[in-house]
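Remarks on the overall topology
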Amino acid sequence: MLILALTGIWLWWPRNGAFLPGLRWRRTAHTTTNLHHLFGFWISIPLAVVSFTGVYLGFPQTARQAMSSIAPMTPQGSRPGFGAIARGTKAQS
């Protein structure tokens, strides 16, 4: 989803480099094309942000390794009491 959002922004980007004219409403006979063009750009920005954070949540070890190349990170320690309830129960038949 992140790749789709980023490639959508890349495909939307005006070829002549003029960013602001690409955000303007164009009065044409093809209103649906213009809506798709504008709405697709504005929705792809939050979609890319949500997708990027989803990658971090979905693959925490890989994301921590990637982030440690940018900023030093301490290893994540074990949490005290995690799973204590499940260890103390007995299986019922």
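Shown above is the structure to which this text applies.
Each value, and the rule that gives it
- Residues numbered from 1 in each chain as written.
- Predicted model: local features only at pLDDT ≥ 70, side-chain atom pairs only at ≥ 80, totals over all residues.
- Heavy atoms only, no water.
- Helix = DSSP H or I, 4+ residues; strand = E, 2+ residues; numbered from the N terminus.
- Contact = heavy atoms within 4.5 Å.
- Areas by Shrake-Rupley, 256 points an atom, 1.4 Å probe, with all protein chains shown as cover.
- Polar contact = N/O pair within 3.5 Å; in protein donor to acceptor, adjacent residues only side chain to side chain.
- Buried < 20%, exposed > 50% of the residue type's maximum accessible area, 1.4 Å probe, protein only.
- Arc of directions from axis to C-beta.
- Phe/Tyr/Trp six-rings, centres within 6.5 Å; stacked < 30°, edge-to-face > 60°.

Re the overall build of the protein chain
In terms of helices and strands, the protein chain carries four helices and zero strands. Overall, the protein chain shows an N-to-C arrangement of helices and strands of α-α-α-α. Contacts spanning at least 24 positions in sequence make up 32% of the contacts within the protein chain whose residues lie at least 6 apart. For the protein chain, the accessible surface area stands at approximately 8200 Å², while carbon and sulfur atoms represent 68% of it.

Comments concerning the side chain of serine 44
Among the structural elements, serine 44 can be located in helix 2 (residues 31-58). There is a polar contact of 2.7 Å between the side chain of serine 44 and the backbone oxygen of phenylalanine 41. Setting aside its immediate chain neighbours within four residues, serine 44 contacts Ala5 and Ile9.

Focus: helix 1 (residues 2-12)
Turning to helix 1, its buried residues are Ala5, Ile9 and Trp12. The arc enclosing the buried residues of helix 1, seen along the axis, measures out at 70°, which places them on a common side. Turned more than 90 degrees away from the buried face of helix 1 sit Ile3, Leu4, Trp10 and Leu11, all of them exposed.

Some remarks on the side chain of serine 51
With respect to the helices and strands, the residue serine 51 is situated in helix 2. With near-sequence residues (within four places) excluded, serine 51 lies in contact with Met1 and Leu2.

Quick notes on the packing of aromatic side chains
Here the structure, examined in full by the defined rule, presents three aromatic pairs. Judged by centre distance (3.9 Å) and plane angle (20°), the rings of tryptophan 12 and phenylalanine 41 are stacked. Residue tryptophan 12 is located in helix 1, and its partner phenylalanine 41 is located in helix 2; the two are separated by 29 residues in the primary sequence. For tryptophan 12, a relative accessible area of 8% puts it in the buried group. Take phenylalanine 41: its relative accessible area is 5%, and that puts it in the buried class. Aromatic ring contacts, followed pair by pair, group Trp12, Trp13, Phe41 and Trp42 into a single cluster.

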